[in-house]
Amino acid sequence: IYRNYCMLSKIDSLVKQVEGFSPSSKEELESFRLSYLGKKGHLTSLFNSFKKVPNEQKKEFGLAINNLKNLVQTKISSLKPLFTEKKTGPKPDLFKPVKNSSLGGRHPISIVEQKIISIFNSIGFGISDGPEIEDDWHNFTALNLPEDHPARDMQDTFFVQIRPDVLLRTHTSSVQVRHMQSNKPPIRTLSPGRVYRNEAVSARAHCLFHQVEGLYIDEKVSFSDLKQTLLYFAKEMFGKKTKIRLRPSYFPFTEPSAEVDIYWGLETESDYRITKNTGWLEILGCGMVDPNVLENCGIDPKKYSGYAFGMGIERIAMLLYGIDDIRLFYENDVRFLKQFN
Ligand code: DAH
């Protein structure tokens, strides 16, 4: 009887241990399992002792042992998930086609630049390139703007500190100088690129913008060639019905010089505002290359003549898309950029 009493109280204390068990690792749970359910565990030894229990007491002991066994098993199955890594869903299908990811789009400046380039490409203009950090000679002197020439003030310049004659180019006209120096006529070239001016940033002006320069040099190039080329450009760019007019103007590197307007119309209130009540809008500057410039660049002005023109890409883009603040081009606001693609 005494022995049996000891066995019951042992089961009791094991029940309490099981109930209070709280492992902190997978390993601790496993050694708990072995110590109860393993071959040499508590339950095996209890079942062995059970064989010696007198028949009339077997029921009571059997219940107690089974109760302990169930308790251990439910305890283990409730703790197990805490230490097994969860598998999330089925394995990914590596052969599935990828979802459409959204692609970036082209910047409006680049769209307009490409359009200008393709119009002039179609009439035989190639592309030429020059440095953005330029020297005074290519940016000014060679273009008939010697030192102290008052027209230098038309383009407020950023100078680079390393040398007094090094600057950020104020226009892409510097590229026509470089191109004439290293090519012989006939020349038909377009030079797109970034330019810099030391100007206060506002809705209308920026210290950085983009230009396209055009240059055509050959024998007997006339002002009417220039006019027809620009008319063709304006129609391709702004529509077949576009009209242009040329107003006399002044640029040191061309003689005669002109500014070209397109007829915009006077239908809406904003037409009056942007055309200053005239209906006309300026789109570019142009002229016949000054003989001094040809000479400076090693081309014989007695044999050759040519025309040149220059336009701001931002300005054209603002007209085409109805954008009223130049700063929008440089802010990279996706809400703005998304509208062009
Ligand atoms: N370089 C001028 C500017 O930045 C634009 C220009 C005017 C270029 C007339 C030309 C030209 O080639 O002939 O304001």
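Quick caveat: nothing in here was measured; it's all calculated off a predicted structure.

Overview of the overall build of the chain
Move 1: Regarding its fold elements, the chain presents 12 helices and nine strands.
Move 2: Relative to the 2.2 N^0.38 estimate, which gives 20 Å for 341 residues, the radius of gyration of the chain is 43 Å and therefore markedly larger than a compact globule would have.
Move 3: Overall size of the chain, expressed as C-alpha extent along the three principal axes, is 135 × 50 × 40 Å.
Move 4: Scored against the burial criterion, the 341 residues of the chain give a buried share of 41%.
Move 5: Considering only intrachain contacts with a sequence separation of at least 6, the fraction spanning at least 24 residues in the chain is 67%.
Move 6: When the accessible surface of the chain is totalled, it reaches about 20500 Å², and 53% of it is carbon and sulfur.
Move 7: Both charge centroids of the chain, one from 46 positive and one from 41 negative side chains, sit 18 Å from each other.

Thoughts on the side chain of His171
Move 1: By the element assignment, His171 lies in the loop between β3 (166-168) and α7 (173-182).
Move 2: Side-chain polar atoms of His171 contact the backbone oxygen of Asn139, separated by 2.9 Å.
Move 3: Once you skip the residues sitting within four places of it in the chain, His171 turns out to touch Asn139, Leu143, Gln155, Val195, Arg197, Gln211 and Phe253.

A word on the pattern of salt bridges
Move 1: The full count for this structure, using the stated rule, is 11 salt bridges.
Move 2: Here Glu30 and Arg33 are joined by a salt bridge, their closest N and O atoms 2.9 Å apart. With Glu30 and Arg33 both in helix α2 (residues 26-37) and three residues apart, this pair spans about one turn of that helix.
Move 3: Looking at Arg33, the relative accessible area reads 32%, which means it is partly exposed.
Move 4: Among the ionic pairs, Arg327 bridges to Asp325, the shortest N-O distance being 2.8 Å.
Move 5: Three or more residues joined by partner-sharing salt bridges are found here, namely Arg245, Arg247, Glu259 and Asp261.

Here we look at helix α11 (residues 313-321)
Move 1: All of the buried residues along α11 are Ile313, Glu314, Ile316, Ala317, Met318 and Leu319.
Move 2: For α11, the elements touching its buried residues are α5 (108-121), β5 (208-218), α8 (223-238), β8 (280-289) and β9 (305-312).
Move 3: Gly322, located one to two residues past α11, shows a positive phi value of around 65°.

Quick notes on the site of the ligand
Move 1: Neighbouring the ligand are 16 residues; His171, Ser173, Arg197, Gln211 and Glu213 lie closest to it.
Move 2: Here a nitrogen atom of the ligand and a side-chain polar atom of His171 are 3.0 Å apart.
Move 3: In the environment of the ligand, an oxygen atom lies 2.5 Å from a nitrogen or oxygen atom belonging to the side chain of Glu213.
Move 4: At the level of secondary structure, the elements contributing two or more residues to the shell around the ligand comprise α7, β5, β8 and β9.
Move 5: Of the residues that constitute the shell around the ligand, the class distribution is five nonpolar, nine polar and two charged.

As for the packing of aromatic side chains
Move 1: Overall, the coordinates contain 15 aromatic pairs when judged by the stated rule.
Move 2: Aromatic side chains Phe120 and Phe125 sit 5.3 Å apart centroid to centroid with 75° between the ring planes, which places their arrangement in the edge-to-face category. An identical accessibility class is assigned to Phe120 and Phe125; each is buried.
Move 3: Judged by centre distance (5.9 Å) and plane angle (20°), the ring pair of Phe251 and Phe253 falls under stacked. As far as the burial class goes, Phe251 and Phe253 line up, both buried.
Move 4: Members of the aromatic cluster, each reached through a chain of ring pairs, are Phe120, Phe125, Tyr216, Phe233, Tyr307 and Phe309.
Move 5: Positioned over the ring face of Phe50 is Lys58, at 5.5 Å from the centre of the ring.
Move 6: Note that Lys243 overlies the ring of Tyr263, its terminal NZ or CZ placed 5.0 Å from the centroid.

Comments concerning the pairing of β8
Move 1: Within β8, eight of the 10 residues are buried, which leaves the element mostly enclosed by the surrounding structure.
Move 2: Inspection of the sheet shows strand β7 (residues 254-263) paired to β8 by eight bridges, in the antiparallel sense. Residue pairing in the sheet places Tyr263 in a bridge with Trp280 of β8.
Move 3: Pairing of β8 with β9, which is carried by four bridges, proceeds in the antiparallel orientation. In the strand pairing of β9, Met288 is matched with Tyr307.

Each value, and the rule that gives it
Residues numbered from 1 in each chain as written. Predicted model: local features only at pLDDT ≥ 70, side-chain atom pairs only at ≥ 80, totals over all residues. Heavy atoms only, no water. Helix = DSSP H or I, 4+ residues; strand = E, 2+ residues; numbered from the N terminus. Rg over C-alpha atoms; globule rule 2.2 N^0.38 Å. Buried < 20%, exposed > 50% of the residue type's maximum accessible area, 1.4 Å probe, protein only. Contact = heavy atoms within 4.5 Å. Areas by Shrake-Rupley, 256 points an atom, 1.4 Å probe, with all protein chains shown as cover. Lys, Arg positive; Asp, Glu negative; His and termini not counted. Charge placed at Lys NZ, Arg CZ, Asp CG, Glu CD. Polar contact = N/O pair within 3.5 Å; in protein donor to acceptor, adjacent residues only side chain to side chain. Salt bridge = Lys/Arg side-chain N within 4 Å of Asp/Glu carboxyl O. Near = heavy atom within 4 Å. Nonpolar A, V, L, I, M, F, W, Y, C, P; charged D, E, K, R; others polar. Phe/Tyr/Trp six-rings, centres within 6.5 Å; stacked < 30°, edge-to-face > 60°. Lys NZ or Arg CZ within 6 Å of the ring centre and 35° of its normal. Pairing = 2+ DSSP bridges.

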